[in-house]
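This is what each chain is made of:
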Amino acid sequence: MSAGDLLYSDTEEALRDSVRHLFADRCPPESVAKAYEQPPQDFSDLWRTLAAELGVAGLLVPESLGGAGAGAREAAVVMEEIGRAVAPVPYLSSAVLATVALLEAGETEILPELARGSLTAALAVPLSAAPWEPIAGVSAGADGVSGSVSSVAGADAADVLVVPVAGHDGLELHTVSCSAAGVEVLPVLALDMTRPLADVRFSGAQSTRVGAADGPIAAALQAGATLLASEQLGLAQWCFDTTLDYAKQRKQFGRAIGSYQAIKHRLADLWFEVGAATAAARYAADTRARGDDDADVAGSIAQAYCSGVAVNAAEECVQLHGGIGMTWEYPAHLYLKRAKSDQLALGTPYRHRARVAQSVNLPVS
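Predicted, not measured: the structure shown is a model, and the values here were computed from it.

Summing up its helical and strand segments, the chain has 11 helices and 10 strands in all. In terms of overall size, the chain behaves like a compact globule, its C-alpha atoms giving a radius of gyration of 20 Å where 365 residues would be expected to give roughly 21 Å. Reported as C-alpha extents along the three principal axes, the dimensions of the chain are approximately 75 × 50 × 40 Å. When each of the 365 residues of the chain is scored for burial, the buried share is 53%.

Relative to the helices and strands, D292 resides in the loop between helix 8 (261-290) and helix 9 (295-320). In terms of polar contacts, D292 uses its side chain to reach the side chain of R290, at 3.1 Å. Here D294 takes part through its backbone nitrogen, which lies 2.8 Å from a polar atom of the side chain of D292.

Our next topic: helix 5 (residues 91-105). With 15 residues, helix 5 extends 20 Å from end C-alpha to end C-alpha; this agrees with the ideal 21 Å at 1.5 Å per step. Helix geometry: helix 5 is bent most strongly at T99, by close to 30 degrees.

Residues annotated in UniProt with the feature "domain: Acyl-CoA dehydrogenase/oxidase N-terminal" (unreviewed entry) correspond here to residues 9-109. When the span residues 9-109 is considered, its composition is 59% helix and 0% strand, and the gap between its end C-alpha atoms is 32 Å.

What follows deals with the packing of aromatic side chains. Summed over all chains, the structure comprises 2 aromatic pairs. Here Y36 and W328 contribute two aromatic rings whose centre-to-centre distance is 5.6 Å and whose plane-to-plane angle is 85 degrees, an arrangement assigned as edge-to-face. Of this pair, Y36 sits in the loop between helix 2 (29-32) and helix 3 (44-53) while W328 sits in the loop between helix 9 and helix 10 (332-343), placing them 292 residues apart in sequence. When its relative accessible area of 46% is taken as the criterion, W328 is described as partly exposed.

The rules we used
- Residues numbered from 1 in each chain as written.
- Predicted model: local features only at pLDDT ≥ 70, side-chain atom pairs only at ≥ 80, totals over all residues.
- Heavy atoms only, no water.
- Helix = DSSP H or I, 4+ residues; strand = E, 2+ residues; numbered from the N terminus.
- Rg over C-alpha atoms; globule rule 2.2 N^0.38 Å.
- Buried < 20%, exposed > 50% of the residue type's maximum accessible area, 1.4 Å probe, protein only.
- Polar contact = N/O pair within 3.5 Å; in protein donor to acceptor, adjacent residues only side chain to side chain.
- Expected span 1.5 Å × (residues − 1).
- Bend = angle between axes of the 7 residues up to and from the residue.
- UniProt positions renumbered as here; feature names shortened; annotations may be inferred.
- Phe/Tyr/Trp six-rings, centres within 6.5 Å; stacked < 30°, edge-to-face > 60°.

As structure tokens, then:
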């Protein structure tokens, strides 16, 4: 195992600036909150700009297939900024989960379209699925694929579904057009409506077989869990920065609340946690980018740790803002909802810790 560089490169910083400026201009908090309205605001233009004009949809796609030929480090930077803005874009579901699954399966026709941002895809597995868990898959018949999958992230915005199908020789990976006959996408009420979930039903839908699915799905979910830690880092960093600024400005009894020892201690603890989360998330992304043998373990450690940090940071943000933190108009609730939802996505912290324990022969309590 070789040592990696956890510092951000000039290229990564430039990418961060571009994505951050786009989100600041196109999805400020008051706009993001409209994801909870009925009907919800359409953010497809934001996604098209992010995917096509900035080119981030193709970061993990090789140049030979029309992508940027970058890696997990660059994708992690984008995920951090998505967390900082709780941006309602299907980057995780399309540019990470579906893209990695198709890459690992050797698909070459849809990937160039995904890289250009002209198509959006979703991996038809529950968002709660852990990387090492077996996926049942829908069934294949003479008339097409049939079955249902619950709580699929990004299905409502997808053009193509990447579907695990139980075939004669094991689990297969198929692609299904969302507009095909026999496909029904049913949005479900979720805690975090900035990352919509949907149940997907197939009734004899026509599909195209890509290849075997076990390896590609595990790789996609592991990459997703690793990069989700970076989103949680970005979320926690925003909560800390915003709360620190508020504590410096908000006065009670003639003093800034940040001057009180109890507040200082809570902010100091949070600063330490965010710093540790930065190291964990950066190391996980770096090992994955280098194809290090430590990548899966590092990803599970980052996911287990950053999940708790993000939730704690969001809770502290709400509490230390006092009354305004409880209001709908203030964006703190958006971060708390995303943090709690992320904590349950792609394997809970307990399941990731148990997985790490098993890898070093420790008993799982």
